[in-house]
Amino acid sequence: MFTERYRNLSPYVPGEQPGEKKYIKLNTNENPYPPSPEVEKFLKAADPARLRLYPDPAMTNLRRSLSKETGVKPESIFLGNGSDEVLSFCFYAFFESSRGPLLFPEHTYSFYPVYCSYYSIDYEKVPLRDDFSICLTDYPKRESFTGIIFANPNAPTGMYKTIPEIEELMNSVPEDRVVIVDEAYIDFGGESVVPLTERYGNLLVVRTFSKSRSLAGARIGFAVGNPVLINALYAVKDSFNSYPLDYISQEIARVSLEDTEYFRKTVSRIMKTRSSVTKTLEETGWQVLPSKANFIFARKEGVSGEEVYSYLKERGVLVRYFPHRGIEDFVRITIGRDDEMMTLLKLLENF
Ligand SMILES: *Cc1c(COP(=O)(O)O)cnc(C)c1O
């Protein structure tokens, strides 16, 4: 009954979403604050009759707002249903095994190998340095590769590569090999490489409204790059589902972008909480990797990530651990509100 390609699938396993029981959810890097009040205003005033019509296929207004926000032309912007969908289109358009494996860090977003299996793309995991940072100079040393992808800041470590380091990488990668920088967490203290896309025609930056804009439930992701790459993504999308983001998502993305003040306020609140939680954990014997994301990656000598996870789960707090060799003693903790983090810290104090 089933095709061979179906039988070979190995789907991504997302962080758990609890049912009935009330947890403090620090496991899937959602934003603890609601989206901009402008989103609520839009939803309350929205006319349901508008849903009778198809959404604007060119996403003109939203691309114009994003263009203002990112400083690139609307033609340099692709939008999809969450950055996961954008990434999937990228893998389809840019990577194939006949030109070598796709390179990505040994520990990074675990969706990358899933897309590889979906599209039958070989991949090679490049080890992290001993301090868990990505060693970008290792990548172009590989004899052949079809492309490179990494998250910056990386997940689940939270560690960040600077613009000059990425520029150096771009200078040593052949022009016909696409490099994707997944900037899902860039707004929490990193600096985006979007401006480099004007100089490097093979650099594509993927971003999302899920984390820093508190819109994970609306599924809004986008890519920025040379229009040649962007047109390829639209061609892939239009071969699959020619309609774009739904009407409501286009509108709430737009109004959320325009509320710069609220965005800055919530992001800086999260960064402030991150630094105080890091400090407290370090004072109580935890090692915390330097994070520029809305989560931290931490471990305590002598206990596994799974033990910390289970202890916290029994007490109503969800975090995430990864049973992968080299990082199995860490837990990844999303930065929540201050009161939620107080509860977490109290529990860990008695651990
Ligand atoms: C959360 C996340 C995504 C997916 O974001 P969506 O836009 O919600 O699909 C992509 N990449 C990384 C590294 C992430 O952590």
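Residues numbered from 1 in each chain as written. Predicted model: local features only at pLDDT ≥ 70, side-chain atom pairs only at ≥ 80, totals over all residues. Heavy atoms only, no water.

(A) Structural context of the environment of Pro244. When you line up the elements, Pro244 lands in the loop between helix 7 (227-238) and helix 8 (247-258). Sequence separation of Pro244 and Asp176 is 68 residues, and the distance between their C-alpha atoms is 28 Å. Apart from the residues within four sequence positions on either side, Pro244 is in contact with Pro55, Asp56, Pro57, Met59, Asn81, Lys237 and Gln250. (Helix = DSSP H or I, 4+ residues; strand = E, 2+ residues; numbered from the N terminus. Contact = heavy atoms within 4.5 Å.)

(B) Focus on the pairing of strand 13 (residues 330-334). Among the 5 residues of strand 13, 5 are classified as buried, and the element is accordingly described as predominantly covered. Taking every second residue as pointing to the same face, both faces of strand 13 are buried, with Phe330, Arg332 and Thr334 on one and Val331 and Ile333 on the other. Where strand 10 (residues 295-300) meets strand 13, 5 bridges bridge the pair, whose relative direction is antiparallel. Bridge assignment links Phe297 to a residue of strand 13, and that residue is Arg332. Two strands pair when backbone bridges link them, and strand 12 (residues 320-321) and strand 13 are joined in this way by 2 bridges, in the antiparallel orientation. What sits directly across from Tyr321, in strand 13, is Val331. (Buried < 20%, exposed > 50% of the residue type's maximum accessible area, 1.4 Å probe, protein only. Pairing = 2+ DSSP bridges.)

(C) Region of the structure containing the pattern of salt bridges. Following the criterion strictly, the structure yields 20 salt bridges and no others. Note that Lys41 is salt-bridged to Glu38, the shortest N-O span being 3.1 Å. Note that Lys41 and Glu38 are positioned in helix 2 (residues 37-45) at a spacing of 3 residues, about one turn of the helix. A residue is classified by how much of its surface remains accessible, and Glu38, at 30% relative accessible area, is partly exposed. Two residues, Glu40 and Lys44, come together in a salt bridge whose shortest N-O distance is 2.7 Å. Taken together, the residues span about one helical turn, with Glu40 and Lys44 both in helix 2 at a distance of 4 residues. Residue classification places Lys44 among the exposed positions, given a relative accessible area of 66%. The structure contains a network of salt bridges with shared partners spanning Glu183, Asp187 and Arg207. (Salt bridge = Lys/Arg side-chain N within 4 Å of Asp/Glu carboxyl O.)

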